[in-house]
Amino acid sequence: MGYIEHTRMSALLARQLVRIHDAATAFKVMQFNVLADALSGADEHHGGFIHTPFECLDWEYRKSQLLEEVKRFDPDVVCMEEVDHYDDWFQPQLASLGYSSHFLPKAKPPPTDGCALFYKTSTFQPTTATSASVSDPQETIHITYPNASQVALLVPLTHISTNKQIIFSVTHLKATKDESGEVIRVEQATHLLDALHTTHTTTTAATPHILCADLNAQPIASGNIQPRSYQAILENSLQLDSAYRAHTGSEPDYTTWKLRKHEAKMTIDYVFFSKEHFVVTELLSIPTPEEMPTNRLPACFKADNFSGHDSLDLILRVDFDLDLEKPK
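Rules and cut-offs
- Residues numbered from 1 in each chain as written.
- Predicted model: local features only at pLDDT ≥ 70, side-chain atom pairs only at ≥ 80, totals over all residues.
- Heavy atoms only, no water.
- Helix = DSSP H or I, 4+ residues; strand = E, 2+ residues; numbered from the N terminus.
- Buried < 20%, exposed > 50% of the residue type's maximum accessible area, 1.4 Å probe, protein only.
- Contact = heavy atoms within 4.5 Å.
- pLDDT = per-residue confidence, 0-100.
- Core = buried A, V, L, I, M, F, W, Y, C linked by side-chain atoms within 4.5 Å.
- Expected span 1.5 Å × (residues − 1).
- Polar contact = N/O pair within 3.5 Å; in protein donor to acceptor, adjacent residues only side chain to side chain.
- Salt bridge = Lys/Arg side-chain N within 4 Å of Asp/Glu carboxyl O.
- Pairing = 2+ DSSP bridges.
- Axes fitted to C-alpha atoms, helices over the stretch in contact; angles between N-to-C directions.
- Arc of directions from axis to C-beta.

Peer 1: Report on the overall build of the protein, specifying residues and quantitative values.
Peer 2: Helices and strands together make up the secondary structure of the protein, namely six helices and 17 strands. By the burial criterion, 56% of the 328 residues in the protein qualify as buried. For the protein, long-range pairs separated by at least 24 residues make up 72% of all intrachain contacts whose partners lie at least 6 apart in sequence.

Peer 1: Quick rundown of the confidence of the model for the protein? Include the residues and the values.
Peer 2: For the protein, the average pLDDT comes to 81, and 78% of its residues sit at 70 or higher. A low-confidence stretch, residues 129-140 stays under pLDDT 50, and its non-local contacts, those more than four residues away or across chains, total 28 contacts. Within the model, the stretch residues 302-306 combines pLDDT values under 50 with 15 contacts to residues more than four positions away or in other chains.

Peer 1: So what's going on with the nonpolar core? Which residues, and what values?
Peer 2: Counting 49 residues, the largest nonpolar core has F27, M80, F90, L117, F118, F168 and I210 as its most contacted members. In this structure F90 touches V34, W59, L66, M80, V83, H85, A95 and F118, once residues within four positions along its chain are discounted. Counting residues in hydrophobic clusters, the runner-up holds 19 residues, among them A152, L154, L192 and L215.

Peer 1: Before we move on, can you summarise unusual backbone geometry with the specific residues and values?
Peer 2: Of note, D74 is a non-glycine position whose phi angle comes to about 50°, a positive value. By secondary structure assignment, the location of D74 is in the loop between α2 (59-73) and β5 (77-83). Of the residues examined, D74 reaches a relative accessible area of 39% and is grouped as partly exposed. The phi dihedral of Q239 is positive, around 60°, even though this residue is not glycine. Turning to its location among the elements, Q239 is positioned in the loop between α5 (228-234) and β12 (240-242). When its relative accessible area of 30% is taken as the criterion, Q239 is described as partly exposed.

Peer 1: Describe the environment of W59, naming the residues involved and giving the relevant values.
Peer 2: Relative to the helices and strands, W59 is located in helix α2. Sequence separation between W59 and A36 is 23 residues, and the spatial gap between their C-alpha atoms is 9.2 Å. Residues contacting W59, with those up to four places away along its chain left out, are D37, L66, H85, W89 and F90.

Peer 1: Could you give me a rundown of α2, with the residues and numbers involved?
Peer 2: Helical geometry note: an α-helix holds 3.6 residues per turn, so side chains three or four residues apart project in the same direction. Helix length check: α2, at 15 residues, gives a terminal C-alpha distance of 22 Å against a target of 21 Å (1.5 Å per residue), a fit within 8%. For α2, every residue scored as buried is listed here: W59, R62, K63, Q65, L66, L67, E68, E69, V70 and F73. Where α2 begins, one side-chain oxygen reaches toward the backbone nitrogen of E60, 3.1 Å away; that side chain belongs to D58.

Peer 1: How would you explain the pattern of salt bridges if you had to name every residue and give the values?
Peer 2: Scanning the model with the defined rule gives ten salt bridges in all. Taken together, the shared-partner salt bridges connect R19, D22 and E282 into one network.

Peer 1: Outline the sheet that holds strand β11 (residues 209-214), supporting the account with residue identities and numerical values.
Peer 2: Taken in spatial order, the six strands line up as β8-β9-β10-β11-β15-β12 in an open sheet, and their pairing is mixed. Edge positions in the sheet fall to β8 (124-126) and β12, since each of these pairs with one other strand and no more. Taken pair by pair, the neighbouring strands of this sheet meet at an average axis angle of 30°, ignoring direction. Pairing of strand β10 (residues 164-172) with β11, which is carried by six bridges, proceeds in the parallel orientation. Across the sheet, the residue bridging to I167 is H209, located in β11.

Peer 1: Please provide a residue-by-residue account of the sheet that holds strand β3 (residues 17-19), values included.
Peer 2: Pairing is mixed across the open sheet formed by seven strands, whose spatial order is β3-β16-β17-β4-β5-β7-β6. Of all the strands in the sheet, the pair left with one neighbour each is β3 and β6 (99-105). Each neighbouring strand pair of the sheet contributes to a mean axis angle of 25°, computed without reference to strand direction. Where strand β16 (residues 278-284) lies against strand β17 (residues 314-320), five bridges are found, and the strand directions are antiparallel. The residue bridging E282 from the neighbouring strand is R317, located in β17. The sheet contacts of α2 involve β3, β4 (27-33), β5, β6, β16 and β17, and relative to β4 the element is tilted by about 165°. Sheet contacts for helix α3 (residues 86-95): β5, β6 and β7 (114-120); angle to β6, the most-contacted strand, approximately 160°.

Peer 1: Describe α3, and please don't skip the residues or the numbers.
Peer 2: The set of residues buried in α3 consists of Y86, W89, F90 and L94. Buried residues along α3 cover an arc of 120° about the axis, so they all sit on one side. Residues D87 and D88 are exposed on α3 and point more than 90 degrees away from its buried face. Of the surrounding elements, those touching the buried residues of α3 are α2, β5, β6 and β7.

Next comes the structure, spelled out in structure tokens:
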């Protein structure tokens, strides 16, 4: 129990899309931190996964597992963080499955990872310029601070079957898990929200947003760290809500569970959506503690079976709230 077997692939953790509402024009969005190859080692400066068998960390094993995770849920939009094999793996592999894509590396010398967004060309088509910069609204967003290199990517797309425009965003905020890190995360979130406002007002007044993010921040206070970056997004005038919170009343108990020198179990991954424009129709289930591998993530579930990522992917299926368009 807890695993799905594949004839060509190693076992994947069993998860189900849970139906909430029926929908005619819904589409699926995946949020997925794929764990950078450069950060998937046992050395403390390259991941620190000392309890994970080496074969689970090796890119030649992980790359197929990561692709299989996308294929089995067949999302219309995939937002990824920690991508450092875009040109030689994710882009060509997903292009062969009908996805177009955008990639933005971190603002530091290569080799480096970054954020990527993939979309099915059968479901979406480009709307206008694909991104907006804090300094130049016509260029890709770069949010860069001293001693930090995090980025965000904004992609305006048009939903083909409804001809509705949506702004998709993906970002990965500062990782430092202390108050100084949270200060930077709040600044980064604020810059991103300001850029979303600019894109919002320069396209259509009613343009909805979907934001996929590894915030590296929890939704509740942890020690002396208050959840200010998370709250900044929810309290912004863009009227965003978190998909899992909107349905269950709270975030999942965890979206990552790592076992390094110390065990870290926390919620840091999110999909935010414009609650005035969308209704959530399905959500991907979160594994129970009993279903999680004993050496946590990334991990071998059993002999010759591999898990290639250290954060759980999140999926929501959303539909346009057509009731909002009916005459009152």
